[in-house]
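Next come the chains, spelled out residue by residue.
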Amino acid sequence: MKNTTLKIHRCSKRFLIIGAAAVIAILLASTVLYIGAGRIFDYYSATDISENLLASVRPLSVTVCAGSLGIEYFFKTKESK
C-alpha cells in the first residue's frame with residue numbers, strides 16, 4: 001500500500017486528501033446536528049439538514065475518487081508521451 005501511495009502524482013494525492021477532509025467534515029457536521037437535534041438545535045430543522053448533509057457524502061466521495069483517477073490518468077498519459 002505504501003508503494004502505491006508513493007507512486008501517485010502529487011496533484012492527485014492533494015486532491016484525495018482535500019476531498020477526504022471535506023467528506024469527514026460533512027460527516028462530522030451531520031453527526032453533530034443529528035446528536036444535538038432537540039437538545040441544542042431545533043429538532044426538525046437539525047434532522048433535515050443532517051439528512052441532506054449525509055445524502056451529499058456519497059456523490060462527493062464518488063466525485064473525489066473519479067477526479068483523482070482522472071488527474072492520475074492525465075499525468076500518466078502526459079508522462080508517457
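Calculation notes
- Residues numbered from 1 in each chain as written.
- Predicted model: local features only at pLDDT ≥ 70, side-chain atom pairs only at ≥ 80, totals over all residues.
- Heavy atoms only, no water.
- Helix = DSSP H or I, 4+ residues; strand = E, 2+ residues; numbered from the N terminus.
- Buried < 20%, exposed > 50% of the residue type's maximum accessible area, 1.4 Å probe, protein only.
- Contact = heavy atoms within 4.5 Å.
- Areas by Shrake-Rupley, 256 points an atom, 1.4 Å probe, with all protein chains shown as cover.
- Expected span 1.5 Å × (residues − 1).
- Bend = angle between axes of the 7 residues up to and from the residue.
- Polar contact = N/O pair within 3.5 Å; in protein donor to acceptor, adjacent residues only side chain to side chain.
- Salt bridge = Lys/Arg side-chain N within 4 Å of Asp/Glu carboxyl O.

Asker: Please provide a residue-by-residue account of the overall build of the protein chain, values included.
Answerer: A count of helices and strands for the protein chain gives three helices and zero strands. Across its three principal directions, the C-alpha atoms of the protein chain cover 60 × 20 × 15 Å. Here the protein chain holds 81 residues, and the buried ones make up 20% of them. Once local pairs closer than 6 in sequence are excluded, the contacts in the protein chain between residues at least 24 apart make up 67%. Surface summary for the protein chain: the accessible area is close to 6300 Å², and the carbon and sulfur share equals 68%.

Asker: I'd like a rundown of the side chain of glutamate 72, residues and numbers included.
Answerer: Looking at where glutamate 72 falls in the secondary structure, it is placed in helix H3 (residues 43–80). If sequence neighbours within four positions are ignored, glutamate 72 has contacts with Lys7, Ile8, His9 and Ser12.

Asker: For helix H2 (residues 10–36), give the residues involved together with the corresponding values.
Answerer: Three- or four-residue spacings in an α-helix give side chains the same orientation, since the helix completes a turn every 3.6 residues. Helix length check: H2 (27 residues) gives 39 Å between terminal C-alpha atoms against 39 Å at 1.5 Å per residue, within 8%. When H2 is considered as a whole, its buried residues turn out to be Ser12, Gly19, Val23, Ile26, Ser30, Leu33 and Gly36.

Asker: Account for H3, naming residues and giving values.
Answerer: When the terminal C-alpha atoms of H3 are compared, their 56 Å separation across 38 residues agrees well with the 56 Å that a helix rising 1.5 Å per residue should span. The largest bend in H3 is about 25 degrees, located at valine 57, with the proline proline 59 one to four residues further on. Buried within H3 are the following residues: Ala46, Thr47, Ser50, Val57, Val64, Ser68, Glu72 and Phe75.

Asker: Outline the environment of threonine 31, listing residues and values.
Answerer: Here threonine 31 shows up in helix H2. The exposure class assigned to threonine 31 is partly exposed, which follows from its relative accessible area of 40%. Sequence-wise, threonine 31 and serine 50 are 19 residues apart; in three dimensions their C-alpha atoms are separated by 7.1 Å. Polar side-chain contacts of threonine 31 include one of 2.8 Å to the backbone oxygen of leucine 27.

Asker: How would you explain the pattern of salt bridges if you had to name every residue and give the values?
Answerer: This structure, assessed with the given rule, holds one salt bridge. The partner of lysine 76 in a salt bridge is glutamate 72, and the shortest N-O contact between them spans 3.7 Å. With a gap of four residues between them, lysine 76 and glutamate 72 both fall in helix H3, about one helical turn apart. We classify lysine 76 as partly exposed; its relative accessible area is 41%. Given the relative accessible area of 14%, glutamate 72 is considered buried.

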